[in-house]
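Per-entry structural report
Residues per chain, in single letters:
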Amino acid sequence: MDIAALAAGLAAQDRRSLARAITLVESARADHRALALDLLGRLDPAKQALRIGLSGTPGVGKSTFIESFGLMLTALGLRVAVLAVDPSSARSGGSILGDKTRMEQLSRDPRAFIRPSPSQAHMGGVARRSREAVALCEAAGFDIVLIETVGVGQSETVVSELCDIFLLLLAPAGGDELQGVKRGIMEMADIILVNKADGDLKQAAMRTCADYAGALRLLRRRPQDPSGFPMAMTVSALANEGLASAWQQIETLISWRRQHGHWAGRRSAQAQHWFGEEVRRGLLSVLDHDPAMGVMAQLGAEVAAGALTPETAAARLLSLLGRGENHLPAP
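Everything quoted here is computed from the prediction, not taken from an experiment. The written sequence of each chain sets the order in which its residues are numbered from 1. Per-residue local features of the predicted model are confined to residues with pLDDT of at least 70, and side-chain atom pairs are confined, for both listing and counting, to 80 or more; whole-chain, interface and lining totals are unaffected and use all residues. The basis for the side-chain values is all heavy atoms of the structure; hydrogens and waters are excluded.

**Considering the packing of aromatic side chains**
- A pair of aromatic rings is counted whenever rings of Phe, Tyr or Trp (Trp by its six-membered ring) have centres within 6.5 Å, and the orientation is called stacked for planes under 30 degrees apart, edge-to-face for over 60 and tilted otherwise. In this structure the tally under the stated criterion is three aromatic pairs.
- Considering the side-chain rings of Phe 65 and Phe 69, the 5.2 Å spacing of their centres and the 15° angle between planes classify their relative orientation as stacked. Taken together, the residues span about one helical turn, with Phe 65 and Phe 69 both in helix H4 (residues 62-75) at a distance of four residues. Phe 69 shares its class with Phe 65; the two are buried.
- Arranged with centres 6.2 Å apart and planes meeting at 70°, the rings of Phe 69 and Trp 247 form a pair that is edge-to-face. Linking Phe 69 in helix H4 with Trp 247 in helix H11 (residues 243-259), this pair joins segments that are 178 residues apart in sequence.
- The classification of residues rests on relative accessible area computed with a 1.4 Å probe and restricted to protein chains. Under 20% of the type maximum is buried, over 50% is exposed, and intermediate values are partly exposed. For Phe 69, a relative accessible area of 0% gives the class buried.
- A relative accessible area of 10% places Trp 247 in the buried class. Secondary structure elements follow DSSP: runs of H or I of four or more residues count as helices, runs of E of two or more count as strands, with numbering from the N terminus.

Printed below as a string of structure tokens:
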């Protein structure tokens, strides 16, 4: 693979080059990983897009919202990339990857790019290489990158380490004010959007929005927020209602954070976070190779037989790793 040509294709905003580049960084092959690192090193760091993370429980209407919201943004002349993470089967490892079929109109928009990716059992609602895919979309000249997570719960907040704005979608009558004060994903949200505020559900959506607005006032003030944020709003992706207001609030928040230095500071903190994650994953990958793998199998058998507790076996393996791989006994 010609990495220089691939990087040039990204700079020229070639969609096929972008698709090939994302496939490359998502590959688990060692030779592909080396090529991916070469490609990432060639990207222009000056190219930055607005990264918007979008999370919510299954069935809340994330795909419908992204399509309506994305079409509104492309109508404004903006180029929008959508990175949709699809859950992988715990049995087969496969994923449906059907987001393009659920965003039929947006997928045909020449200003939009939609890329579904499998989560591959990675926890937190995003795929392992989602951050690198975001960087590739920025290099390809997209103005906005929307990151749609799998349906997540209150503790899965990894997407907040990928984005500049974190939107949390909720369904009408999805919980009372007590739900809103629970820690976790609620603390990470910049704007809570109560979707499906139309028809018979409109009144329920307004009550839910009021409940969460009250709950947000009980949370401790964050230094990266101006007055009034985080906030709760009602939207209807199906009826295209409230989307323009949501975009206006996003622009207001981003403008304030840029002026007060929080944009650059947050990007720096995120880069440091992902450095630590790569180091941790690299250390864990040592356990997938001999001789460490043989030691793990031996200690695992002793744990299964009841000869060792899991804690003791783990401490013994970490002690061996701390002395260096050359000191590990032969399997």
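Here the narrative resumes, following the displayed structure.
**Quick look at the sheet that holds strand S7 (residues 231-234)**
- DSSP calls a pair of strands paired once it identifies at least 2 bridges connecting them. Read across the sheet, seven strands follow the order S3-S2-S4-S1-S5-S6-S7 without closing on themselves; strand pairing throughout is parallel. Pairing within the sheet leaves two strands with one partner each, and these edge strands are strand S3 (112-118) and S7. Strand-to-strand twist of the sheet, defined as the mean angle between neighbouring strand axes without regard to direction, takes the value 20°.
- Where strand S6 (residues 191-194) lies against S7, four bridges are found, and the strand directions are parallel. Each bridged residue has a counterpart across the sheet, and for Ile 192 the counterpart in S7 is Ala 232.
- We call two residues in contact when some of their heavy atoms are within 4.5 Å. Helix axes are fitted to C-alpha atoms over the stretch in contact, other axes to C-alpha atoms as well, and angles between N-to-C directions run from 0 to 180 degrees. Across the sheet, helix H7 (residues 130-139) lies against strand S1 (50-56), strand S2 (80-86) and strand S4 (144-148), angled at about 165° from S2, the strand it touches most.

**Focus: the nonpolar core**
- In this structure, Leu 18, Leu 39, Leu 136 and Ile 192 are the most contacted members of the largest nonpolar core, which totals 44 residues.
- Excluding its chain neighbours within four sequence positions, the residues that come into contact with Leu 136 are Leu 10, Leu 18, Ala 21, Ile 22, Val 25, Leu 39, Leu 40 and Leu 43. As used here, the term nonpolar core means buried Ala, Val, Leu, Ile, Met, Phe, Trp, Tyr and Cys residues forming a set that is joined through side-chain atoms within 4.5 Å.

**Description of unusual backbone geometry**
- The linkage connecting Phe 229 with the following residue, Pro 230, adopts the cis geometry, with an omega of -5°.
- By secondary structure assignment, the location of Pro 230 is in the loop between helix H10 (202-216) and S7.
- The backbone of Lys 196 shows a phi angle near 65°, a positive value even though the residue is not glycine.
- Position of Lys 196 among the secondary structure elements: in the loop between S6 and H10.
- The class for Lys 196 is partly exposed, based on a relative accessible area of 31%.
- The backbone of Asn 240 sits at a positive phi, close to 55°, despite the residue not being glycine.
- If you trace the backbone, Asn 240 turns up in the loop between S7 and H11.

**Quick word on the packing of H4 against H11**
- Between H4 and H11, whose axes approach to 10 Å, the crossing angle comes to 70°. By the angle class used here, H4 and H11 are roughly perpendicular. Contact residues: Phe 65, Ser 68, Phe 69, Met 72 and Leu 73 in H4; Leu 243, Ala 244, Trp 247 and Ile 250 in H11.
- Residues are grouped as follows: Ala, Val, Leu, Ile, Met, Phe, Trp, Tyr, Cys and Pro are nonpolar; Asp, Glu, Lys and Arg are charged; all remaining types, including Gly, are polar. When grouped by side-chain class, the residues that make up the contact of H4 with H11 number eight nonpolar, one polar and no charged. Orientation labels follow simple angle bins: below 35 degrees gives roughly parallel, above 145 gives roughly antiparallel, 65 to 115 gives roughly perpendicular, and whatever is left gives oblique.

**Things to note about the pattern of salt bridges**
- For this analysis, a salt bridge means a side-chain nitrogen from Lys or Arg found within 4 Å of a carboxyl oxygen belonging to Asp or Glu. Summed over all chains, the structure comprises 16 salt bridges.
- Taking the shortest distance from any N to any O, the salt bridge between Glu 138 and Arg 51 comes out at 3.0 Å. Note that Glu 138 is positioned in helix H7 and Arg 51 in strand S1, a separation of 87 residues in sequence. When sorted by exposure, Glu 138 lands in the same class as Arg 51, which is buried.

**Some points on the side chain of Arg 33**
- With respect to the helices and strands, the residue Arg 33 is situated in helix H3 (residues 30-41).
- Judged by relative accessible area, Arg 33 falls into the buried class, the value being 17%.

**Examining the pairing of S1**
- With seven of seven residues buried, S1 lies mostly within the body of the structure.
- Sheet topology note: the S1/strand S5 (residues 165-170) ladder contains five bridges and is parallel. Within S5, the position partnered with Gly 56 by the bridge is Leu 169.

**Section: the environment of Gly 141**
- Its location among the elements puts Gly 141 in the loop between H7 and S4.
- Between the C-alpha atoms of Gly 141 and Leu 10, which are 131 residues apart in sequence, the distance is 8.0 Å.
- The contact partners of Gly 141, leaving out residues within four places of it in the chain, are Gln 13 and Arg 79.

**A look at the packing of helix H1 (residues 3-11) against H3**
- Here H1 crosses H3 at 45°, and the two axes come no closer than 10 Å. With respect to their mutual orientation, H1 and H3 come out oblique. Between H1 and H3 lies a crossing of right-handed hand. Within the contact between the two elements, H1 uses Ile 3, Leu 6, Ala 7 and Leu 10 and H3 uses Leu 35, Asp 38 and Leu 39.
- Looking at side-chain class alone, the contact of H1 with H3 contains six nonpolar, no polar and one charged residues. Left-handed describes a crossing in which the near helix is turned anticlockwise from the far one by less than a right angle; the clockwise case is right-handed.

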